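# Architecture and fold: a report
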Amino acid sequence: MPALAAVLVAATVGLADLHRFGPDNARSSSNAGALVVSADLQDAVRPADAADTHDLDTFVRRLTASTPRPPDVLLLTEVLGPGAHRIADRLTAATGKGYQVLLAPGRSAFLADGAVRESAIVVNTTTMRVADKGRFVRVQGEDQASAAVTQKATGLRLSLISAHAAGDPLPAAQQLHTVAAGLAGTAGPQDAVPVLGGDYRAGRCVDPSAYQPVDCAAQAFWTTLTSTYGYDDAFFARSAAPTLKNTAYVFARGNVTDAYVDTAYDEALPSADRAACKQAFDAGRSASAPPKCRSMYYADAPFGWAVVRAGQPVRRSVAPASVTLDRCELGVRKGAALARVVNGTGQGITDDVTVDAPAPLQVTPGSGSLTVPAGQARTLPLKVTAPQQSAVGTYDVRVTIGQLTTELPVSAPSQCTEPPVVATSYHSGFPPVNAVDGDINTFWHSEYSPPTPLPQSITLNLEDSRQVSKLIYQPRFDGNLNGTITGYNVYVSTDGQAFTKVAGGTWAADARLKTATFTPVTARYVRLEAISASGGSYCSAAEITAG
């Protein structure tokens, strides 16, 4: 196949993949409200990269293929002035609408005073009117773009921030919220919607793993924005990718009716391929990059967009909008949702929450309440479980929050990913998978901050039932014996639910390899329980195997 034809075929396939979670999937509400894009284009630091705009053209092509209508606002980071103008020009040509660069850096991200400026705001002037052309606001050594616009058709006013804050995202988020609130001006509280877009260089969960559970322990900046200040995380609440690690956001103190993240990018151009593409683009050599790069690459991370409308005084919702039980643990499908109340009134409110789930689903708690201070938001985590062998299909869970009753679709697909190992707890950075990765230099450590006392356990998933007669334990091997298990029990199970004790005893508090033997037994899951350990009420393991 000729090279040009190959490029065109690859581009066509890539754009077709966009619609897996895109506008073909029943997005009727997307035509109301302002469509706001957030993208980190990684096109600002290296002059050669900034001069080569092929990736920006690809970004515009993928963006316009994924949106139900031309975007109203683009909040861009890691982009310079020439790049922002290129995007505005390409969008104008692609959509027939007029796009204006409201704020953008110059030709360099580095200012004479040592600060960095790499944020931009691009506006669709056909649909939006500029209310405040805005300014750059210094936050932790970087200038963040801020402005205010009004939707011509509805009068909806948006207070916009495009941020790429360095350092701790919590104080940055607090300062950005203050700036956005100031941009609201004299507009009424239900008409002025603060929107904080951009890349916050941090995922939603404290745990940095690629999979971000809905009910994970969230980072302080995220809980401050979504609980203390009442913002909605649009991509978490309304896109099809709430559990993927993402550092780009659209936070809005309004009603988010739809959202999209370019998750098809990972399928069209996996991270390993993107790394190779990035090397060529960083050097300004896109013309010599592989054809797949030239047709698909635009950045390391996917863009997203959200449709934002004015909020009501009290907003009740369930986030995310649906749950997929494609994660299993110890023979059980697991997922979660958050019942959420945002209180925009001047006094506190309390809403009852009740859940009605059909068999084979179980939702806990089945009932509860949310007491929400004025101007804030609160959530109630709803854990959704079902047996791993549940019939494939979609089940409707009825959730009632105060005056709102909504159906939460919960799907049980044919495939359910089960991790090779799980633990009762772990400290961030020391996950249980470290105990089965074949690397003696990495280790699992049970949670110690906050204190999580023994007993703690770690359970191996052998994938299939087979005969086992021993468990081999290698303590951490870094010269520190903290957490080395000295008192133990070993349990086995065929279904992940009913466990039988097969061994127990004590080991020396040293780094030597240790073994627990027992009568051969059929098992799919093997559990090591620590009842005492060296150094404190916690435990650790460099490697654990069963045979």
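The model shown is predicted, which means the values in this text are computed figures rather than measured ones.

What counts and how
- For every chain, the first residue of the written sequence is number 1, and numbering continues from 1 along that sequence.
- Local features in this predicted model are restricted to residues of pLDDT 70 or higher, and side-chain atom pairs are both shown and tallied only at a pLDDT of 80 or more, whereas totals for entire chains, interfaces and linings draw on every residue.
- Remark: hydrogens and water are excluded; side-chain values derive from all non-hydrogen atoms of the structure.
- Helix and strand assignments come from DSSP, with helices taken as H or I runs of at least 4 residues and strands as E runs of at least 2, each series counted from the N terminus.
- The span one expects for a helix is its residue count, reduced by one, times 1.5 Å.
- The cut-offs for exposure are 20% and 50% of the maximum accessible area for each residue type, with area from a 1.4 Å probe on protein chains only; residues under the lower value are buried, those over the upper are exposed, and the others partly exposed.
- The contact definition used throughout considers only heavy atoms, calling two residues in contact when any of these lie within 4.5 Å.
- Under the rule applied, a polar contact is a pair of N or O atoms within 3.5 Å (in protein, one hydrogen donor and one hydrogen acceptor; residues adjacent in sequence only if both atoms are side-chain atoms).
- For this document, the term salt bridge refers to a Lys or Arg side-chain nitrogen within 4 Å of an Asp or Glu carboxyl oxygen.
- Scored between 0 and 100, pLDDT is the confidence that the predictor attaches to each residue.
- Any two cysteine sulfur atoms within 2.5 Å of one another count as a disulfide.

### Quick word on helix H9 (residues 271-282)
With 12 residues, H9 extends 16 Å from end C-alpha to end C-alpha; this agrees with the ideal 16 Å at 1.5 Å per step. The set of residues buried in H9 consists of Arg274, Cys277, Lys278, Ala280, Phe281 and Asp282. The inward-facing, buried residues of H9 abut helix H2 (47-51), helix H3 (54-66), helix H8 (264-268) and helix H10 (291-296). Positioned one or two residues after H9, Gly284 has a phi angle of 75°, which is positive.

### What about the side chain of Ser540?
In this fold, Ser540 is placed in strand E30 (residues 540-541). Of note is the side chain of Ser540, whose polar atom sits 3.1 Å from the backbone oxygen of Asn482. Residues contacting Ser540, with those up to four places away along its chain left out, are Phe443, Trp444, His445, Tyr473, Arg476, Asn482, Gly483, Thr484 and Ile485.

### Some points on the pattern of salt bridges
This model, assessed by the stated rule, comprises 23 salt bridges. The salt bridge partner of Lys278 is Asp282, with a shortest N-O separation of 3.3 Å. Linking Lys278 with Asp282, this pair stays in helix H9, spanning four residues, or about one helical turn. With relative accessibility at 19%, the residue Lys278 sits in the buried group. Connected via shared salt-bridge partners are Asp113, Arg117, Arg138 and Asp143.

### Quick look at the confidence of the model for the chain
Residues of the chain with pLDDT of at least 70 account for 93%, and the chain-wide mean is 92. For residues 1-30, every residue scores under 50 in pLDDT, and the model assigns this stretch 46 contacts once sequence neighbours within four places are set aside. A low-confidence stretch, residues 186-190 stays under pLDDT 50, and its non-local contacts, those more than four residues away or across chains, total six contacts.

### Quick look at the state of the cysteines
Covalent bonding between the sulfur atoms of two cysteines is what defines a disulfide. Taken as a whole, this structure holds three disulfides when the rule is applied. The residue that forms a disulfide with Cys205 is Cys216, at a sulfur-sulfur distance of 2.0 Å. The chirality of the disulfide connecting Cys205 with Cys216 is left-handed, given an S-S dihedral of about -90°. Here Cys205 is found in the loop between strand E9 (192-199) and helix H6 (220-228), whereas its partner Cys216 is found in the loop between E9 and H6, with 11 residues between them in sequence. Under the relative-accessibility criterion, Cys205 is labelled buried at 3%. Covalent S-S linkage joins Cys277 and Cys293, the inter-sulfur distance amounting to 2.0 Å. Judged by the torsion about the S-S bond (-80°), the Cys277/Cys293 disulfide is left-handed.

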